[in-house]
Amino acid sequence: MKYVCEVSEIDVGEMKSFDIDGTRVLVLNADGEIKACDGICPHQEVLLEEGIFDGCLLTCHSHLWQWNVQTGEIEQEAEKDLKFFDVKVDDGKVFVIGL
Amino acid sequence: MQVTLKSKNHDWTFAAHGGESLLQAAMRAGLHVPYECATGTCGSCRVDLIAGELQDAWPEAPGRGDDPNARLMCQCKAVSDCEISAKGYVYSTDHLPVAADRVSGRITDLRQLTPDVIEFTVTPDTPLRYLAGQFVTLEHADVKGPRGYSMTRHAPDGSSLSFVIKRLPGGGWSEWIFAKGDALLGSVLQIVGPFGRATFSPDLGMNIACIAGGSGVAGMRAIIERGVEDGYFMQYRGALFFGVRTPKDAFWLEELDALSGKGGNKLSITIAYSNEGVDPAQQERFPNLGFAEGFVHEIAAAGLKGRFNNLRAYLAGPPPAVDAAQRMLLVEGKMSPANIRYDKFS
Ligand SMILES: Cc1cc2nc3c(=O)[nH]c(=O)nc-3n(C[C@H](O)[C@H](O)[C@H](O)COP(=O)(O)OP(=O)(O)OC[C@H]3O[C@@H](n4cnc5c(N)ncnc54)[C@H](O)[C@@H]3O)c2cc1C
Ligand code: FES
Ligand code: FES
């Protein structure tokens, strides 16, 4: 379990990426629920932080692959799953499991 | 030569001639393989070479990445039977595939539209049919490598291909065409195409919005012309947003004004100026056009407000302009990526 950031750093509907021991982790606030996934698009080496997050759907800006952050499933166009991590929130701190 | 293409869902086999890229060969076989630029930049057509020999036109192409097994279908030709694998899904189409041919042609017309935009026409030796919104790649002996350019007119018989080119400081093709100018009349070019999936056909049955940054308006004019020809905008809404920096950078105002006048009530054409205010003289001279100050994606957001349903969007131009428009359509319009077709001019 690795500490990533404070919950307060990520407003509802926002996302931010962090470098944790050489891995890019994207932390998203989906309607108050904190989620975390791979920060790099599984298509080409593009930062997902530069993409679009509407609070539920995360879209890579490069070729519009899209995942549902609430369910962790592919939503549109994407040919590959996005890796989601288990998240633990404790005392306002975000931890990611299985990095 | 036989090419075997393994994909996530199916293994395909198709024939490839020595003169054509793997992309052309796959398209001729009716396969819907991924590609965007057809010129080695975007990396969408990347496959792994498993067996056999390929000839690579541009081994340093940026789209190829660092993987030593990676090859670009748009850059490679088969030299022997070979086996390649694509990372994603590849389906076949039941529509009549429009094969990408290689033909030669001559520059038959050329005129400068603004200080950094030239319009030119190429007459191919054999007609090259294409759909509104498509592009071809052009090659000339003087410049290394092909470049993609969108056809600006709806011309069903393919007997003449018109383009606009924006001057890119230091750019190989564009600086060359600007330097030579009229001296290029009669010059022979190699044309490969058509390519591109940002196409429009009136059986679409949806409202359409075209958002163009600069020379991105090229294929949009063809799309709007195609719709006007069928009276499409009597039933469906059509909106073209054409963004340039200042009133001096705008071109085709006369042609777009006429198109808008002819197109019917449901067609609107708006010119957006990002760096300067609207010129009242232009507004007076072109009553069928709208003019606005702001970035084209912002002007489009205002114009499309409440109208994102049953909408197909077409975007083209420099990558930052296309990215901004995509973001707007996804966030403000809540549109599905499937209804956003785009060409990034990279
Ligand atoms: C689908 C699509 C449609 C386009 N339509 C238009 C249009 O209608 N009007 C317009 O003005 N521009 C259009 N462009 C952009 C155009 O293709 C050129 O990128 C642009 O004109 C700049 O070219 P340049 O040679 O001046 O610049 P450069 O910087 O010299 O080249 C630009 C691109 O050409 C490719 N290239 C460079 N060297 C080689 C080589 N040795 N072999 C192969 N490829 C090479 C690279 O992909 C590079 O990014 C389009 C691009 C795409 C992808
Ligand atoms: S790089 Fe993310 S969708 Fe292509
Ligand atoms: S690199 Fe081949 S289609 Fe873009």
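Residues numbered from 1 in each chain as written. Chains lettered and ligands numbered in written order. Predicted model: local features only at pLDDT ≥ 70, side-chain atom pairs only at ≥ 80, totals over all residues. Heavy atoms only, no water.

This next bit is on the overall build of chain B. Along chain B, the regular secondary structure elements total seven helices and 21 strands. Over its C-alpha atoms chain B spans a radius of gyration of 20 Å, differing by no more than 12% from the 20 Å that the globule rule assigns to 346 residues. For chain B, the spread of C-alpha atoms along the three principal axes comes to 65 × 50 × 35 Å. Looking at chain B as a whole, 55% of its 346 residues are labelled buried. Across chain B, contacts joining residues at least 24 apart in sequence account for 69% of those joining residues at least 6 apart. For chain B, the exposed area adds up to about 14,900 Å²; of that, 49% sits on carbon and sulfur atoms. Charge separation in chain B, taken as the distance between the mean sites of 34 positive and 38 negative side-chain charges, equals 3 Å. (Helix = DSSP H or I, 4+ residues; strand = E, 2+ residues; numbered from the N terminus. Rg over C-alpha atoms; globule rule 2.2 N^0.38 Å. Buried < 20%, exposed > 50% of the residue type's maximum accessible area, 1.4 Å probe, protein only. Contact = heavy atoms within 4.5 Å. Areas by Shrake-Rupley, 256 points an atom, 1.4 Å probe, with all protein chains shown as cover. Lys, Arg positive; Asp, Glu negative; His and termini not counted. Charge placed at Lys NZ, Arg CZ, Asp CG, Glu CD.)

Glancing now at the interface of chain A and chain B. Facing the 16 residues of chain A at the interface are 21 residues of chain B. Buried surface at the junction of chain A and chain B, summed over both partners, amounts to about 1,500 Å²; 48% is from carbon and sulfur atoms. Put simply, chain A and chain B have one salt bridge between them. B:Lys334 serves as the salt-bridge partner of A:Asp54, at 3.7 Å between the closest nitrogen and oxygen. (Buried area = accessible area lost by both parts, 1.4 Å probe. Salt bridge = Lys/Arg side-chain N within 4 Å of Asp/Glu carboxyl O.)

Residues and elements named next belong to chain B. Between helix α6 (residues 296-304) and helix α7 (residues 319-331), whose axes approach to 9 Å, the crossing angle comes to 25°. The angle between α6 and α7 places the two elements in the roughly parallel class. Of the two possible hands of crossing, α6 and α7 adopt the one that is right-handed. From α6, His-297, Ala-300, Ala-301 and Leu-304 reach across to α7, where they touch Ala-324, Ala-325, Met-328 and Leu-329. (Axes fitted to C-alpha atoms, helices over the stretch in contact; angles between N-to-C directions. Parallel < 35°, antiparallel > 145°, perpendicular 65-115°, else oblique. Left-handed = near helix turned anticlockwise from the far one by under 90°.)

All right, on to the site of ligand 1 then. Residues and elements named next belong to chain B. With respect to spatial proximity, 26 residues lie near ligand 1, and among them Thr-41, Arg-147, Gly-148, Trp-173 and Ser-174 are the closest. Contact distances for ligand 1 include 2.7 Å between an oxygen atom and a backbone N or O atom of Gly-172. Protein chains shield 86% of the accessible area of ligand 1, which is 960 Å² for the free molecule. Those elements that place two or more of their residues in the shell around ligand 1 are β13 (147-150), β14 (161-166), α2 (172-180) and β21 (340-344). Ranked by the residues each element gives to the shell around ligand 1, the list is headed by β13, at four residues. Its residues placed into classes, the shell around ligand 1 shows 11 nonpolar, 10 polar and five charged. (Near = heavy atom within 4 Å. Polar contact = N/O pair within 3.5 Å; in protein donor to acceptor, adjacent residues only side chain to side chain. Nonpolar A, V, L, I, M, F, W, Y, C, P; charged D, E, K, R; others polar.)

Turning to the sheet that holds strand β2 (residues 15-20) of chain A, a few remarks are in order. All names here are of chain A. A sheet is described by the order of its strands in space; here six strands give the open sequence β1-β10-β9-β4-β3-β2, paired in antiparallel fashion. Taken across any chain shown, the strands that pair with only one partner, and hence form the sheet edges, are β1 (2-6) and β2. On average, adjacent strands in this sheet sit at an angle of 30° to one another, irrespective of strand direction. Across five bridges, strand β9 (residues 84-90) lies against strand β10 (residues 93-97) in antiparallel orientation. Following the sheet pairing, Asp-90 is matched in β10 by Lys-93. (Pairing = 2+ DSSP bridges.)

On domain assignment, one finds that chain B holds domain 1 (2-92), domain 2 (101-195) and domain 3 (207-344). In this structure, domain 1 of chain B and domain 3 of chain B have C-alpha centres spaced 34 Å apart. (Domains from an automatic or database assignment.)

In summary, soluble globular proteins display a tendency toward joint burial of nonpolar side chains. All names here are of chain B. Judged by nonpolar contacts, the single largest core of 36 residues is most densely connected at Ile-224, Leu-256 and Ile-271. Those elements that provide at least two residues to this core are β16 (207-213), α3 (217-229), β17 (238-244), α4 (253-263), β18 (267-273), β19 (289-293) and β20 (311-317). Broken down by element, this core gets its largest block of residues, seven residues, from α3. Here this core spans two domains, and each of domain 2 (101-195) and domain 3 (207-344) adds at least three residues to it. If we skip the residues at most four places from it in the chain, Leu-256 touches Leu-240, Phe-242, Phe-251, Ile-269, Ile-271 and Leu-289. Within the second largest apolar cluster, 32 residues are counted, among which are Leu-23, Ala-38, Ala-61 and Ile-84. (Core = buried A, V, L, I, M, F, W, Y, C linked by side-chain atoms within 4.5 Å.)

Turning next to the side chain of B:His154. All names here are of chain B. Positionally, His-154 belongs in the loop between β13 and β14. A relative accessible area of 18% places His-154 in the buried class. Only 3.2 Å separates the side chain of His-154 from the side chain of Glu-229, close enough to count as a polar contact. Once you skip the residues sitting within four places of it in the chain, His-154 turns out to touch Tyr-130, Ala-222, Glu-225, Arg-226 and Glu-229.

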